[in-house]
Amino acid sequence: RGVTLAAFEAAALAAGWRAGRAPVLLRGTAERRRQRAALRRKIWSSLRYPVMLLAMTTMASAIVGPILGATWMPLLFAGGVAALAAVVAFGYRALRRGGPSVQRLPVLGELITCTAEVPYLEAMHALYASGVPIAAAHTTATAAVPTADLAARLQIAARTLAAGQRFHEALDGALALHTETRQLLATGEHTGQLEDALQRALRRRREQMARHAETLARWFGVAMYAFAAIAVMAYVQFVYSTIFAKLMGGGR
């Protein structure tokens with residue numbers, strides 16, 4: 001049916017099939033995809049109306065502005081759209097790059113941190129639950145990370161993990177993953193409950209990611225509303241001032 005599996009999903013399902021855990025892993029894969037789709041729908045529902053409003057006012061300015069002599073109006077909306085597009089491009093580049101400077105950004109930094117960690121934790125949990133050894137699971141899960149800085153830190157951890165260090169020690173040495181995540185994994189490894197610890201860490205990062213994504217989407221929507229409202233108010237003021245100037249000119 002056109003379903004494309006990620007590399008870690010295919011590896012986890014293959015290992016789970018051999019271990020007799022295929023039904024559990026299939027349900028887990030479906031649940032992960034359902035949660036990602038639900039988050040995307042929630043974010044889009046926050047942005048849908050502001051985006052439509054901005055698109056409609058931009059088209060209206062391009063049509064009506066020149067007719068009434070407000071040639072600056074299309075330029076104003078085009079500049080606003082370009083500024084919003086630049087913000088989106090900046091966020092995408094920050095996600096791909098990562099690093100301490102990005103993590104210090106308000107809201108966006110936390111969102112990027114969670115967005116980078118969630119694929120890794122999803123892959124590690126699925127692979128480890130399938131019986132894949134930690135070192136091999138870590139290497140496969142690292143390939144799922146979209147952020148260059150975190151991927152580099154996890155690669156450092158992979159080398160020390162291959163040298164015989166314990167999982168949480170390798171992560172601590174490379175300063176890979178959020179401090180809270182490393183603490184949860186260390187506790188789970190000490191108590192022999194690493195699979196449960198991976199699940200708890202994944203749940204925590206998902207919750208954080210959803211909250212920060214909704215906050216950022218709300219801010220972005222408010223920014224689009226505010227821009228459209230200010231531009232329309234400026235346009236109305238221009239029209240009425242033009243009409244008033246013509247009336248005053250006719251009176252003289």
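Residues numbered from 1 in each chain as written. Predicted model: local features only at pLDDT ≥ 70, side-chain atom pairs only at ≥ 80, totals over all residues. Heavy atoms only, no water.

Turning our eyes to something else, we now look at the overall build of the protein chain. Within the protein chain one finds 10 helices and 0 strands. When its helices and strands are written in sequence order, the protein chain yields α-α-α-α-α-α-α-α-α-α. The C-alpha atoms of the protein chain give a radius of gyration of 25 Å, which is well past the 18 Å a tight globule of 252 residues would have. Taken over the C-alpha atoms alone, the protein chain extends approximately 90 × 40 × 25 Å along its principal axes. In the protein chain, the proportion of contacts linking residues at least 24 apart, taken out of those at least 6 apart, comes to 63%. If you sum the accessible surface of the protein chain, you get close to 14,100 Å²; carbon and sulfur atoms cover 66% of it. In the protein chain, which carries 29 positive and 14 negative side-chain charges, the distance between the mean positions of the two groups comes to 11 Å. (Helix = DSSP H or I, 4+ residues; strand = E, 2+ residues; numbered from the N terminus. Rg over C-alpha atoms; globule rule 2.2 N^0.38 Å. Contact = heavy atoms within 4.5 Å. Areas by Shrake-Rupley, 256 points an atom, 1.4 Å probe, with all protein chains shown as cover. Lys, Arg positive; Asp, Glu negative; His and termini not counted. Charge placed at Lys NZ, Arg CZ, Asp CG, Glu CD.)

Moving on, we get to helix 1 (residues 7-19). End to end, helix 1 covers 18 Å across 13 residues, agreeing with the expected 18 Å (1.5 Å per residue, within 8%). Among the residues of helix 1, those classed as buried are Phe8, Glu9, Ala12, Leu13, Ala15 and Gly16. Just beyond helix 1, the residue with positive phi is Gly20, at close to 80 degrees. (Expected span 1.5 Å × (residues − 1). Buried < 20%, exposed > 50% of the residue type's maximum accessible area, 1.4 Å probe, protein only.)

Looking now at the nonpolar core. Core analysis: the biggest nonpolar cluster contains 38 residues, and Tyr120, Leu154, Phe167, Leu171 and Leu185 have the highest contact counts within it. Those elements giving two or more residues to this core turn out to be helix 1, helix 5 (108-129), helix 6 (134-142), helix 7 (148-162), helix 8 (167-174) and helix 10 (194-251). With 10 residues, helix 5 is the single largest residue contributor to this core. Each residue touching Phe167, except ones within four places of it in the same chain, is listed here: Tyr120, Met124, Ile134, His138, Leu161, Leu185, Glu189 and Leu194. (Core = buried A, V, L, I, M, F, W, Y, C linked by side-chain atoms within 4.5 Å.)

What follows concerns helix 9 (residues 179-190). For helix 9, with 12 residues, the first-to-last C-alpha span of 16 Å sits near the 16 Å given by 1.5 Å per residue. In the segment just after helix 9, Gly192 is the residue with positive phi, at about 75 degrees.

What follows is about the packing of helix 6 against helix 7. What describes two packed helices is the angle between their axes and the distance between those same axes. The contact between helix 6 and helix 7 brings their axes to 10 Å, and the two run at 165 degrees. Between helix 6 and helix 7, the interaxial angle falls into the category roughly antiparallel. The two elements helix 6 and helix 7 cross, and the hand of that crossing is left-handed. Between helix 6, through Ile134, Ala135, His138 and Thr142, and helix 7, the contact on the second element is made entirely by Ala151, Leu154, Gln155, Ala157, Ala158 and Leu161. (Axes fitted to C-alpha atoms, helices over the stretch in contact; angles between N-to-C directions. Parallel < 35°, antiparallel > 145°, perpendicular 65-115°, else oblique. Left-handed = near helix turned anticlockwise from the far one by under 90°.)

By the definition in use, this model includes 11 salt bridges. Where Arg21 meets Glu195, a salt bridge forms, and the shortest distance between an N and an O atom there is 3.8 Å. A residue pair is termed long-range when its members are at least 10 positions apart, and Arg21 in the loop between helix 1 and helix 2 (22-67) and Glu195 in helix 10 qualify at 174 residues. Residue classification places Arg21 among the partly exposed residues on the basis of a relative accessible area of 27%. Among the residues examined, Glu195 registers a relative accessible area of 26% and is labelled partly exposed. Salt bridges sharing common partners tie together Glu9, Arg33, Arg36, Glu122 and Arg206. (Salt bridge = Lys/Arg side-chain N within 4 Å of Asp/Glu carboxyl O.)

The topology assignment puts Glu117 in helix 5. The side chain of Glu117 sits in the buried core without any salt bridge; Arg205 is the nearest counter-charge, 4.1 Å away. Once residues lying within four places of it in the same chain are set aside, the contact partners of Glu117 are Leu150, Leu177, His178, Thr181 and Arg205.

The next subject is unusual backbone geometry. One non-glycine residue with positive phi stands out, namely Leu175, at about 55 degrees. Located in the positive-phi region is Leu177, a residue other than glycine, with phi close to 75 degrees. One can find Leu177 in the loop between helix 8 and helix 9. Using a relative accessible area of 8% as the deciding quantity, one classes Leu177 as buried.

On to the packing of helix 8 against helix 9, then. Put simply, helix 8 and helix 9 touch, their axes get as near as 8 Å, and they point 155 degrees apart. On the basis of the axis angle, helix 8 is roughly antiparallel to helix 9. The handedness of the crossing between helix 8 and helix 9 comes out as left-handed. Facing helix 8, whose interface residues are Phe167, His168, Leu171 and Asp172, helix 9 presents Arg182, Leu185, Ala186, Glu189 and His190. A breakdown of the residues in the contact of helix 8 with helix 9 according to their chemical character gives 4 nonpolar, 2 polar and 3 charged. (Nonpolar A, V, L, I, M, F, W, Y, C, P; charged D, E, K, R; others polar.)

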